[in-house]
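What follows is each chain in one-letter form.
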Amino acid sequence: MILLRTILFYAVLIIQIRLMGKRQLSQMEPTEFVVTILIANLASIPLEEPQHSIWSGLLPMAIILIAERFLSWISLKDIRIRRLLCGKPVILIENGHLLRSNLKRTRITLDELSGKLREQGILEIETVQYAILETNGSLTAFPYPAFQPAIAKDAGIEASRQELPYTVISDGQILSENLSLLGRDLHWLQSVLSANRCAPADVLLLTVTHRGKTHLIRRDTPHCDSINR
């Protein structure tokens, strides 16, 4: 019975977390973080105390999930509710000036601010024009233009358009749905594999763009072969 309960609640927890979205723990809004903790605690009650019915855990978990989905829907409709539940971004550096009042209000020390800037590859705080503390606790920094990396436009270079590659073979498995999205079929795939003298089982990764640019990585070699078909 304990084994069955554990499997059941594990499956329910996975489903509920998937329904809440794909945010990482560090990217959760305050309401999502609270819901995650509550759901985990509610699931532990029937597991730790077998005398309790499984509904003593499943029913509160369902109510919490419904409430979270309802609050998410309301926050999408009303900016006032969204600010109440999630807060709003706070500017910590504006035009190169540290806003000490905002640092104090958000309880962020200068050491923490410097650490968050280093995570973005910024070593000198004086090079930052704007720094904004987002509602999920992450920091967004914008250096002065003179300290930003040069892009192709600045150098007068016309960059080619990027294309999204689709994974066609992953660890030896053919992803037929991605072949269909590319307008390709198994006959075309077989021609690519024949040109590279390999079978699907020999392929670690095969990606293809709509223009036919193909990257193939074999299981037995670390390098990547690129061909256009």
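The following refers to the structure shown. (Residues numbered from 1 in each chain as written. Predicted model: local features only at pLDDT ≥ 70, side-chain atom pairs only at ≥ 80, totals over all residues. Heavy atoms only, no water.)

## Section: the overall build of the protein chain
Right, on to step 1. For the protein chain, the count of helices and strands is eight helices and nine strands.
Right, on to step 2. Pairs at least 24 apart in sequence give 46% of the contacts found in the protein chain among residues at least 6 apart.
Right, on to step 3. Counting only carbon and sulfur atoms, one obtains 59% of the accessible surface of the protein chain, whose full area is about 15800 Å². (Helix = DSSP H or I, 4+ residues; strand = E, 2+ residues; numbered from the N terminus. Contact = heavy atoms within 4.5 Å. Areas by Shrake-Rupley, 256 points an atom, 1.4 Å probe, with all protein chains shown as cover.)

## Some remarks on the sheet that holds strand E2 (residues 97-98)
Right, on to step 1. Strand order in the open sheet formed by four strands is E2-E1-E3-E4, with antiparallel pairing between adjacent strands. Each edge of the open sheet carries a strand with a single partner, namely E2 and strand E4 (139-143). (Pairing = 2+ DSSP bridges.)

## A few points about the packing of helix H3 (residues 55-77) against helix H4 (residues 79-86)
Right, on to step 1. In the contact formed by H3 and H4, the axes pass within 5 Å of each other and the chain directions differ by 125°. Considering the angle they form, H3 stands oblique to H4. Classified by chirality, the crossing of H4 by H3 is left-handed. Of H4, the residues touching H3 (which contributes Leu71, Ile74, Ser75, Leu76 and Lys77) are Ile79, Ile81, Arg82 and Leu85.
Right, on to step 2. For the contact of H3 with H4, the residue count by class is six nonpolar, one polar and two charged. (Axes fitted to C-alpha atoms, helices over the stretch in contact; angles between N-to-C directions. Parallel < 35°, antiparallel > 145°, perpendicular 65-115°, else oblique. Left-handed = near helix turned anticlockwise from the far one by under 90°. Nonpolar A, V, L, I, M, F, W, Y, C, P; charged D, E, K, R; others polar.)

## Concerning the side chain of asparagine 196
Right, on to step 1. Tracing the backbone through its elements, the reader meets asparagine 196 in the loop between helix H8 (186-195) and strand E7 (203-208).
Right, on to step 2. Since its relative accessible area comes to 9%, asparagine 196 is described here as buried.
Right, on to step 3. In this structure the side chain of asparagine 196 is engaged in a polar contact, spanning 2.9 Å, whose partner is the backbone oxygen of valine 192. (Buried < 20%, exposed > 50% of the residue type's maximum accessible area, 1.4 Å probe, protein only. Polar contact = N/O pair within 3.5 Å; in protein donor to acceptor, adjacent residues only side chain to side chain.)

## What to know about the pairing of E4
Right, on to step 1. Here E4 shows a clear split, with Leu139, Ala141 and Pro143 buried on one side and none of Thr140 and Phe142 buried on the other.
Right, on to step 2. With five bridges joining them, strand E3 (residues 128-133) and E4 adopt antiparallel strand pairing. The residue of E4 that forms the bridge with leucine 133 is leucine 139.
Right, on to step 3. Linkage of E3 to E4, two consecutive antiparallel strands, is achieved through a turn of five residues, within which glycine 137 is found at a positive phi near 95°.

## Some words on a positive patch on the surface
Right, on to step 1. Where like charges cluster on the molecular surface, the positive patch consists of Arg82, Arg83, Lys88 and Arg105.
Right, on to step 2. For arginine 83, the position within the fold is in helix H4.
Right, on to step 3. On the accessibility criterion, arginine 83 (48% relative accessible area) is partly exposed. (Patch = residues over 30% accessible without salt bridge, like charges linked within 9 Å, V, L, I, M, F, W, Y side chains within 5 Å. Salt bridge = Lys/Arg side-chain N within 4 Å of Asp/Glu carboxyl O. Lys, Arg positive; Asp, Glu negative; His and termini not counted. Charge placed at Lys NZ, Arg CZ, Asp CG, Glu CD.)

## Here we look at the pattern of salt bridges
Right, on to step 1. Following the criterion strictly, the structure yields one salt bridge and no others.
Right, on to step 2. A salt bridge links aspartate 171 to arginine 219, with the shortest nitrogen-to-oxygen separation between them at 2.9 Å. Of the two residues, aspartate 171 is situated in the loop between strand E5 (166-170) and strand E6 (173-174) and arginine 219 in the loop between strand E8 (213-218) and strand E9 (224-228); the sequence distance between them amounts to 48 residues.
Right, on to step 3. Looking at aspartate 171, the relative accessible area reads 42%, which means it is partly exposed.
Right, on to step 4. The class for arginine 219 is partly exposed, based on a relative accessible area of 44%.

## Observations concerning unusual backbone geometry
Right, on to step 1. Residues other than glycine seldom take positive phi values, yet arginine 107 does so here, at roughly 60°.
Right, on to step 2. Along the chain, arginine 107 turns up in the loop between helix H5 (100-106) and helix H6 (110-119).
Right, on to step 3. Accessibility expressed as a relative area gives 70% for arginine 107, which makes it exposed.
Right, on to step 4. Within the chain, aspartate 171 stands out as a residue other than glycine whose phi angle is a positive 55°.

## Comments concerning a nonpolar patch on the surface
Right, on to step 1. A cluster of nonpolar side chains, Phe70, Leu71 and Trp73, forms an exposed patch at the surface whose accessible area comes to about 330 Å².
Right, on to step 2. Mapped onto the elements, phenylalanine 70 comes out in helix H3.

## Topic: the side chain of asparagine 102
Right, on to step 1. Mapping asparagine 102 onto the fold places it in helix H5.
Right, on to step 2. Among the polar contacts made by the side chain of asparagine 102, one reaches the main-chain carbonyl oxygen of isoleucine 91 at a distance of 2.7 Å.
Right, on to step 3. Sequence-distant contacts of asparagine 102, that is, excluding residues within four places in its chain, are made with Val90, Ile91 and Leu92.

Functional significance is not addressed by these values, which are geometric in nature.
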